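# Topology and contacts: notes
Listed below, chain by chain, are the residues.
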Amino acid sequence: MSPRVVRTRVEFEGEINDELSIIDGRDLPAWRGALDVVGARTPRVDGVARVTGRARYTQDVVLPGMLHARFLRSPYARARVLKVDASRALAIPGVHDVIHRTNAPKAAFRGEETIFRDEVRFAGDEVAAVAAVSDEALRDALRALVVEYEVLPHVADLEEALRDDAPRLEEKGNVSDSGKQDRGDVRKALAQCEHVLEATYRTSTQLHNCLESHSAVAHWDGDRLTVWESTQHVFGVREGLRAALRLPLSRIRVLCEHMGGGFGSKGGVGKYTIAASILAMRTGRPVRFVLDREEENLAAGNRSATLQKVRIGLRRGRIHAILHSSWSNAGQGRWVADPTGPTNSLYDLPDLKTRSYRVVTNAGSLSAFRAPGYVEGTFALESAIEELADRAGIDPLQLRLRHLAKKDPLSGYAYSDKRLRECYEIGAREIGWKARKRGGAPGSTPDRRRGIGMASQIWGGGGGPPAYATVHLNPDGTVVARCGSQDIGTGTRTVLAQICAQELGVDVDAVRVELGDTDSPYGPTSAGSLTVASVGPAMRAAAADARAQLLGTAAGILEVTAKELRVERGHIVSKGTRTPIKEIFDQLQNYTVIGKGSRFPNPERIAIKTFGAQFAQVEVDLGTGEIFVEHIVAVHDIGRVVNPLTAASQVQGGIVQALGFALTEERVVDRGTGRVLNADLEAYKVPTVRDVPRITVRFLDTPDRRANSTGAKGLGEPPMIPTAAAVANAVANATGVPMRATPMTPARVLAALGAR
Amino acid sequence: MPSRTTYRGPGPAALSLHVNGQPLEAVVPPHRTLLDLLRDTAGLTGTKKVCDEGTCGACTVIVDGRAVYSCMTLAHTCEGKSIETIESLSASGELHPVQRAFIDEDALQCGFCTPGQVMSVVALLRAKPRPTEDDVRRAVSGNLCRCGSYTGIVAAGVAATRRAPGRTAPKGDTER
Amino acid sequence: MKPFALARPATLAEARRLAREATPLAGGTDLLGLMKAGVAAPPRLVDLTGVGALRGLRRERGRGLRIGALVRLAELEEAKDAPQVLREAASLAATPQLRATGTVGGNLLQRNRCWYFRDEAFPCWLKGGARCFARHGENRYHSILGVEACVAAAPSDLAPALIALDARAALVGPRASRTVAVADLYQAPREGVRDEHTLRPAEIVTEVRVPEASLARRGVYLKQMERKTWAFALVSVAAAARVHGGQVTDVRLVLGGAAPLPWRAREAERVAEGTALDERVAAAAGEAAVAGAQPLEHNAYKIVLARELVRRALLRLVT
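### Structural notes on the overall build of chain B
- Along chain B, the regular secondary structure elements total 6 helices and 6 strands.
- Seen in sequence order, chain B has helices and strands lined up from the N terminus as β-β-β-α-β-β-β-α-α-α-α-α.
- Its C-alpha atoms give chain B a radius of gyration of 17 Å, near enough to 16 Å, the size a compact globule of 176 residues would have.
- Seen through its principal axes, chain B has C-alpha atoms that stretch 60 × 30 × 30 Å.
- Classification of the 176 residues of chain B by burial places 62% in the buried group.

In C-alpha cells, the structure reads:
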C-alpha cells in the first residue's frame, strides 16, 4: 500500500485541532491477551549511561576550537535600544564576535524578524550576543558593551497590568480575549441556586528550573549546520533554524541524545540557538551557548501567574451553574495556557460560562509548563467544588460523582474509555476518605490539625499522527530502532525498546533505540503527554513490518511457509524447533531488514482522554502556618501501562513538581524595576527530598483499545494536574479555612488563618 | 625571618592534585572553581554544572572523603587533595553498587542530578554502610532533583548496600 | 568572578600579615557566592584553611568549650562535647555539602541574604548606594525588629545559638588581639556604618569559646523555613537557660531572621527569668519578644512566627 493523506483530530496541551497527515501501510489491531515485554517493570535502557556520567548532554559537547557565547540582557523592564557600541568589547583579546540589533542578520523568530528587538520588553530581554574563547573574555566583553537605552514605563505584575492607569503595552491594551465557552444561561441559573460560592483564586508564576539549562552547540562546516540542543523537539528546532537562517532542511541537522529536563519549556528553537548558529557561521568556529541559572529563570519561560474568579452555585444537591473567568500573566508571550480547560471539560455541567484572558506585561514570556493551564485551573475549580460541597453538607466526592460526564462535554463524543469512577473508588479507599469529617481532625501535636482533600484530573494524552519509526534488524539478531523523538527523562527510549521487542519477538537488551536526530524519521515533540501514544504505535508498526520481512526470509531458508513461523525471544520458532535469528542470516549475504511504521489516525468521533484522581492527607501547624503533606494517593487512568517502573517515576515526579507549585515555588518580581529577585535556586524554592511525602501510585492499567494499537495513553502531565487542589482542599479541611492562593507558604497560611 | 607566603595569580598558576586516583597537574588562575577544572581542564563532564552557586548539588564530588559542591570550591584550595568524581566509580567497567541500585530503583529521570546524587550516597555509605531511609534523606538533602525522583533515590540508597559490589552491567547495556 | 591573587599561609602569623591586604577566605560558601554575583571583588584572598591553629574543638577544664574558627559545621553538628542548642543550629543550616565546607567563623561572618543586596544591579544603601530598595519593595524575608538604615535580616543559624550561650569570639588584628562577646560581632547597619559586622580592618576570628557556666544550660534551637530543609530561617530562635528545681534562670532568647542582627529578646528573657516556665509565662514571653516589632509591607507574618517560636522554645526547655 502506498502512502496516503488522512485527516485526524489531535489534542495538544488542551487544544484540539484537525490536521492532515501522511500514513503508510496498514494499522495494526490493538494488542490482545497477555504481553510479556510490554507491561513488565523494565529498568531504563540508558540507565548505565546516566548513572556513570557517560551520558553526553549538550553542555558536555566539546568541539575543537569551540567558542563560548552569552547574551547581554536588558537591565530594564522596558526600554528602547538607541545604540550598541561593541568596539571596546571587540578589542578584548579572545573576543571573536558581537552581534546586536544593527549588525545581526535578519532571523525570523516567533513572528518577529529579528532576535534583537528595538524595544526590549522585560528585564532579561536579549540585546546582544558575544562569542569568545573563554568565560573570562566573555564576561569582560559583556561589561565592555556600551548600550544607550531610553527607559520606558513598564508594568510586570498581573493585577497592576489590569488597571486603567497601567502603561499600555500593546495597541489594543494589555488584555485580550483568549478563550470562551458558554452553555445554557448562567446568570439565570445562578439566581436559582440555594448556595452560591464566589471566590477569587491566585496562582503564582512557576519557573521550570530544568536542571540542564537551555543550551545549544552549533557547528557550521561551511556546508551544513549541526546543532546539539537540549530540546523536547529536534524537528521543531530544525524548523525554527530553517525559518531563521533560510537554509534548506538538508543542510541542518539537530541532535539531542540526552537532555536534562524540559517540562514544556524546550519546545523549539531559542534565541540562543539562532545566535549560536549565526555566530558559528560568522566566525567559522563551533559555538557553545549555555544559559546560566539566572538567564534560565529570566528568559526561558514560565507558568503564568493567574487571577481566577469563580462563581459556582448549588441547587437540589447538584452544581447548577458555574462562571469561571481567568486572567493569565503571559509576559511577552503570544498565547495563553487556558486555565478554564478543566471547567469546560471535566464535569457534566449544564450551565457554564468561562472566559480566559491574556494579559501582556513586561515580564519573561510564558511557555508550556507540564499541563499548562490545567494545573492552575484545576486548583481553582476543584477547590471551589470542595468548598461548595462542604458548605452544603454534601460529601465532595459524591458531588463530583453526580457530575461524572458520560460523554465529552465539549464535542459531545463518547469517550474511547473512561475509568474515572474507579480512580475515585481506589483513591478514596487508599486515603480513608470515609473517615473525612468536615472541619478536619486533631493532628499529631496540640498545635496541629489534620485534614484530607481530593481533586480530579482530566487531560488529553491520546496522541496522534504524524510519527514515524524504522526498525533495522542486524544479521546477528540485534536491532536498531530509530525515531526522531527524544527522551527527556520520561523513559521514552526504554518504552520504545519494549514495544519494539514485544512486537518483533526479541529481548529488550537486543534493541538499541536511537532518538534525538533529525536524520531519523520524523518524531513529534516530547510534550502534551503524546509520545507513547504517538510514537509507540509507529514503533510497533515498524517492528511488525520488520518481523514480517524476517519471517518471509526465514520461510525461504527453512523451507516452510511464513505462516508456520513466529519470532520468540530472538529465535525463529517453527513446530517446536527454535533457530536463532543469527543462524538464519548466516545463510545469507549481508542483509539488513528495514521495517517502517507510521502512526495512524485517531478514531473518528471519539474523545480520547486521560483521567485520574488524587487524594492528600496533610497536617497544618496552626501556630506557624506550616503545612506537612503526609500522604498523596494518585490513581491514574492512562490505558495500558507499558513500563510500570518508569510510569511510577513520572507520577512521583509530577506530584513533586506540583507540591512545589502548591507550597514553595513563586517567582518574585520587584515592581519598581521589573527585575526578577529570585532567579536562582536559593530564594526560588523547588522541593527537596525532605519535602516529599509518602506517595502511593496506582494505575488502572486497562488497555484503551479504541485509542491506538498499543492501548497506551500519555502520562507526562496528568500527575501534576490535581495535586495542588488536593493539598489545598486537605489544608482547608484541616483548618476550616479555604486556601485560595499558591504557593501556600507559612505567610499565606497564617494570613488565611488570621482572617478567620 | 619566617618564610613568606607568596601569592598565586591572578593569572594562571601551577596546581597539582589527585583526581580519581591519578595525579593531575594544571595551570589555572585562582578563580577557577574545582567544577570548571574537572569539566574543562580534566574533561570529566560527568559532573554537571547547574546553578554554579551552591544551590543545587549537581556538582557534588568527594574531596578527601567529604562530599562537597565543586562549584563552591576553588581549584587551588584543593592543592594536594584527592578528588573523586562520578567517573571513578565504574572505572573498572563494573558499576558501583550505588549506581546499580539507582538503575534498579529507577532513581533517576532526566539524569542530570544523578551523578551528584550518587556521589552524596557513596559518601554516606563510607561513613555509614547500613543507612536508614532517614540517613539517606539527610545525605541527599543538598541535592535537588527537578524530575522528583526522590522516593527512588532514597530506596536506592538503602538498597545499595544489600547488593554484592561489582555486579556487572547486563550486556548491551553500556552506551545507550 | 573577577580574577584575584590567592595566598595560602600555613601559620596564623602569616595569615595575620597577609590579611592586612587580602580578604580572608575560609570555606568560601558565602564569599564565593558574593564574588560570583559581582557584589564582592577582592583583588587578593588569603585562604585560611591551611592554618592549623584555627582548627579544633575541645572542652578545656574550667575554660569551657573552645571552637576553632575553622571548625566545619559538619564537625560541630557531630561534636558530642558541644551543647545541644549549638548542634541543632548547625544541623539545621544549609546542606551536608555546605556543612562539610562552611566553617564556624564563616557562618558567623556571612553577609545577609537580601535579594537587593545580592543583585549587582541594585545600588542599595548597604553597598554604598542611596537607598534601601527592600524597605518599600519585596520584603517578605526582611526584618521586623531593630531596623535602622537597612532592613535585611541576620541569616546565621549559629549566631543565635552562640549568643544564647554567652559565647565569646577571639579576634586577631594586624597588631592587637581582643575578645568580644559573639553578640558584639553584630550591629544594625546605620548612617555611617554600612556593615552588619563590627570587625575592624584586617581582623580575623580565630576561635569562639562557650564559657564553662553556659555548658550547664539547657538549650533548644527552632527554625521556621519555607521548605523542609535548605532554606534560611524565616524566623529562628535559640533559647537557653539553667533549669533547676522547676525554675529557669539565666534565660537567653535570641532571634534569627527577625532583625538586622541576631536579636536578644531581652524583655522576653525578663518575663521568663526565675519562673517555673508554664504555658502562661511562655505565651507572655512570646508576646514580649515582639512587643516592639514594626512589620514592613510583606513580613507581618514574622511577628506571629517569632511569638510562637519563642513560646515553643521556652516550653521545650522544661519538657
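### Observations concerning helix α6 (residues 150–160) of chain B
- Counting buried residues in α6 of chain B gives 8 out of 11 residues, a clear majority hidden from the surface.
- By the burial criterion, the buried members of α6 of chain B are Y150, T151, G152, I153, V154, A156, G157 and A160 of chain B.
- Contact partners of the buried residues in α6 of chain B: α16 (644–664) and β31 (694–699) of chain A together with α3 (97–104), α4 (114–127) and α5 (133–139) of chain B.

### Considering the sheet that holds strand β6 (residues 119–120) of chain A
All names here are of chain A.
- Ordered in space as β6-β4-β8, the 3 strands form an open sheet in which the pairing is antiparallel. The open sheet has two free edges, formed respectively by β6 and β8 (146–151), since each of these has just one partner strand.
- As judged from the 2 bridges shared by strand β4 (residues 79–85) and β6, these two strands associate in the antiparallel manner. In the sheet register, R80 faces β6, and the bridge partner there is E119.

### A word on the interface of chain B and chain A
- Facing 50 residues of chain B, the contacting portion of chain A comprises 50 residues.
- Those elements that provide at least two residues to the side of chain B that touches chain A are α2 (86–89), α3, α4 and α6 of chain B.
- No other element matches the 5 residues that α6 of chain B contributes to the side of chain B that touches chain A.
- Among the residues forming the side of chain B that touches chain A, the class breakdown is 22 nonpolar, 16 polar and 12 charged.

### Observations regarding the packing of α3 of chain B against α6 of chain B
All names here are of chain B.
- Relative to each other, α3 and α6 sit at 135°, their axes nearing to 8 Å. Our classification of the angle between α3 and α6 gives oblique. Between α3 and α6 lies a crossing whose hand is right-handed. Where α3 abuts α6, its residues P97, V98, A101 and F102 lie against A156, A159 and A160.

### So, the interface of chain A and chain C
- In this assembly, 23 residues from chain A lie in contact with 18 residues from chain C.
- It is helix α18 (residues 746–754) of chain A that provides the largest number of residues to the side of chain A that touches chain C, a total of 4 residues.
- Of the residues in the side of chain A that touches chain C, the class split is 9 nonpolar, 8 polar and 6 charged.

Cut-offs applied
- Residues numbered from 1 in each chain as written.
- Chains lettered and ligands numbered in written order.
- Predicted model: local features only at pLDDT ≥ 70, side-chain atom pairs only at ≥ 80, totals over all residues.
- Helix = DSSP H or I, 4+ residues; strand = E, 2+ residues; numbered from the N terminus.
- Rg over C-alpha atoms; globule rule 2.2 N^0.38 Å.
- Buried ≥ 20, exposed ≤ 12 C-beta atoms within 10 Å, placed from the backbone.
- Contact = placed C-beta atoms within 7 Å.
- Pairing = 2+ DSSP bridges.
- Nonpolar A, V, L, I, M, F, W, Y, C, P; charged D, E, K, R; others polar.
- Axes fitted to C-alpha atoms, helices over the stretch in contact; angles between N-to-C directions.
- Parallel < 35°, antiparallel > 145°, perpendicular 65-115°, else oblique.
- Left-handed = near helix turned anticlockwise from the far one by under 90°.

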